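A structural walkthrough
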Amino acid sequence: MDNREILTRFKSGALDRQQVLALLTGNGQAPAAPAPSQAPAAPAPSQAPTAPVPSQAPVPVEPPLPAEGFAVVAVDCAFPGAAAGTAGFWEAALGAAPAGTGDTASFDPALLCIGHEQADALHPEERLLLHRAHQALEGAGYAGARLDALTGPDGEHRAVGVFTATARPHTAALLSRVLDLRGPSRNTDTGGSSFLTAVHQALGALRTGECAAALVAGGDEREGVAVLLLKPSAAARAAGDRVHAVLTGSAAGHPGRGTSAALRERLRQRVPATVPGLDEEGTGAVALVRAVLQLRHGVLLPGPGRERPGSWPGGPRTALAGVYEDDAPYAAVALREPPPAPPEPAEEDGPHLVLLSAPTPRHLAATAGRLADWLTSFEQAPGPGAVARELRTGRAVHACRLAVVVHDTAELAGALAAFARGDAASGPRPVRHADLREAGEPLLADGLPETRDYLAALWRGRRFEQLTRLWLAGADAPAGDRCGPPAPVLELPTSAPLPDTREARRAG
């Protein structure tokens, strides 16, 4: 039977919840259809009528989540009292870092490819959400070819739904337009439960196949903002995504004229978390981010009954994030710990061609310097092949570009550091670069299958000189190296934002 018939028989009582789950996941068979009901026989004169059986409480009917749930493949935040980003928030929550100021001055319209007039017209809350959403997508490797490959049911690329939780009704449409995300776009304002309600809606869209991934973003300047990127767990595993946590269920509702306590218990039953688990309550964005990070790190943050960080009890790590405010809709989301990370592929023998781009020369130098610093911060840094591959698949292509051929990580870090200092020729390997902002049409027509085939042949033959020339002349050289099975995502530092000031605008 199909899903519609399964749910119809569930509503009629012919199937229980376990049978429905088994059928929808392919692990069970349907019982025979019930025989037509017959009128009950009248009781014998000497027999007392049977007392009526009390009716059971109605079971809420929702299409079940896939057995594997939905993966959180990106998480980003900026909360008061902590440095922006999940690392800053985690350190502040552990008490291991001084209080920060959130993220109020990092908005950079150039990274988002929007003009200064449009940037000036944005509300501060919109600027903050756009910046953190861009950071989340790029940090997870979903700003370039990997994002383009997310297709919807109609074959549309970049099929990412946007679900925002703000008091500004057009925020979702703004993020969809600026980030060029082509799935459903909806804003939610249910008070303190807005963020978890947006997550609930995003899971519904993923469950029904409206989009291949869902971006959830919400908050405000006062309480801070959070961003999540969600994908079906099977799709995340196939793509090699880093998974921070898995969402196993969600629920939202209002008590109507009933009691708040009854609704709270009903929601908790609809998103059961395996005991022992973590219960996070409060502002939806903070509660969910705290839960995700505790599951990811395997450490319990200080909270009710826990004055200092502690270790998880035995068994699978699970959590429940909920918002239960009086006179407002409630919402709850259940989570579990992430699966083991996929093994890193073996580093290919060098040399390797590394391509990097940015919207302006200043951005290119700053991003090269940031990447060099990151590479030198490891005792055993990722190899240049893995870095080069991630830059080709996870980053957008911009007009200001560099190319360098290196044999090892030390050469790459040294070459990028020299370029960032303004002396591209002094590093261990020379860095070639170009500013194509005023250039005409590229030598090759991007998007044509013949172009991709030609570039793919150059990559297979390791024709790095020809690829470098084409890249610096405007061709989308990475487009030819996107065949074969996907490699695990390597979380690189994001592009360096530059202050949006009059001086910076004049410097270009």
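In this text the structure is predicted, and so the values were computed from the model without any measurement. Counting restarts for each chain: residues are numbered from 1 in the order of the written sequence. Local features in this predicted model are restricted to residues whose pLDDT is 70 or higher, and side-chain atom pairs enter the listing and the counts only when it is 80 or higher, whereas totals over whole chains, interfaces and linings include all residues. Only hydrogens and water are removed before side-chain values are computed, so all heavy atoms of the structure are retained for them.

Side note on the nonpolar core
Among buried residues, those of type Ala, Val, Leu, Ile, Met, Phe, Trp, Tyr and Cys that are joined through side-chain atoms within 4.5 Å constitute a nonpolar core. Burial classes: relative accessible area under 20% of the type maximum marks a residue as buried, over 50% as exposed, and values in between as partly exposed (1.4 Å probe, protein chains only). Counting 44 residues, the largest nonpolar core has Phe195, Val199, Leu230, Leu288 and Leu335 as its most contacted members. In this analysis, two residues are considered to be in contact whenever any of their non-hydrogen atoms come within 4.5 Å of each other. The residues contacting Phe195, other than those within four sequence positions of it, are Ala165, Val216, Ala217, Gly218, Ala226, Leu228, Gly284, Ala285 and Leu288.

Some words on the confidence of the model for the protein
Each residue carries a pLDDT score, the predictor's own confidence in it, on a scale running from 0 to 100. Looking at the protein, the pLDDT average stands at 85 and 82% of residues meet or exceed 70. Long-range and interchain partners of residues 25-64, a stretch whose pLDDT sits below 50, account for 32 contacts in this model, where long-range means more than four residues apart.

Digging into the side chain of Thr190
Helix and strand definitions follow DSSP, with helices as H or I runs of at least four residues and strands as E runs of at least two, each counted in order from the N terminus. Within the secondary structure, Thr190 sits in the loop between strand S3 (185-188) and helix H8 (194-207). Polar contact criterion, stated in full: a pair of N or O atoms within 3.5 Å, where within protein one must be able to donate a hydrogen and the other to accept it, and residues adjacent in sequence count only if both atoms are side-chain atoms. A polar side-chain atom of Thr190 sits 3.4 Å from a polar atom in the side chain of Thr197. Apart from the residues lying within four places of it in its own chain, the contact partners of Thr190 are Thr197, Ala328 and Pro329.

Quick look at the packing of aromatic side chains
Two rings from Phe, Tyr or Trp (for Trp, the six-membered ring) form a pair when their centres are within 6.5 Å of each other. A pair whose planes differ by under 30 degrees is stacked, one over 60 is edge-to-face, and the rest are tilted. Here the structure, examined in full by the defined rule, presents four aromatic pairs. Summarising the aromatic geometry, the rings of Phe79 and Phe89 are spaced 5.1 Å apart at their centres and angled 65° between planes, so their arrangement reads as edge-to-face. Taken together, the residues Phe79 in the loop between strand S1 (70-78) and helix H3 (86-94) and Phe89 in helix H3 connect sequence positions ten residues apart. A residue is classified by how much of its surface remains accessible, and Phe79, at 4% relative accessible area, is buried. Judged by relative accessible area, Phe89 falls into the buried class, the value being 10%. Aromatic pair Trp459 and Phe464: ring centres 6.3 Å apart, planes at 65°, arrangement edge-to-face. The pair formed by Trp459 and Phe464 is uniform in burial state, with each residue classed as buried. Counting as a charge over the ring demands two things of the Lys NZ or Arg CZ atom: a distance within 6 Å of the ring centre and an angle within 35 degrees of the ring normal. The side chain of Arg392 reaches across the aromatic face of Trp459, ending 4.6 Å from its centre. Just above the ring of Trp471 sits the side chain of Arg401; from NZ or CZ to the centre is 4.3 Å.

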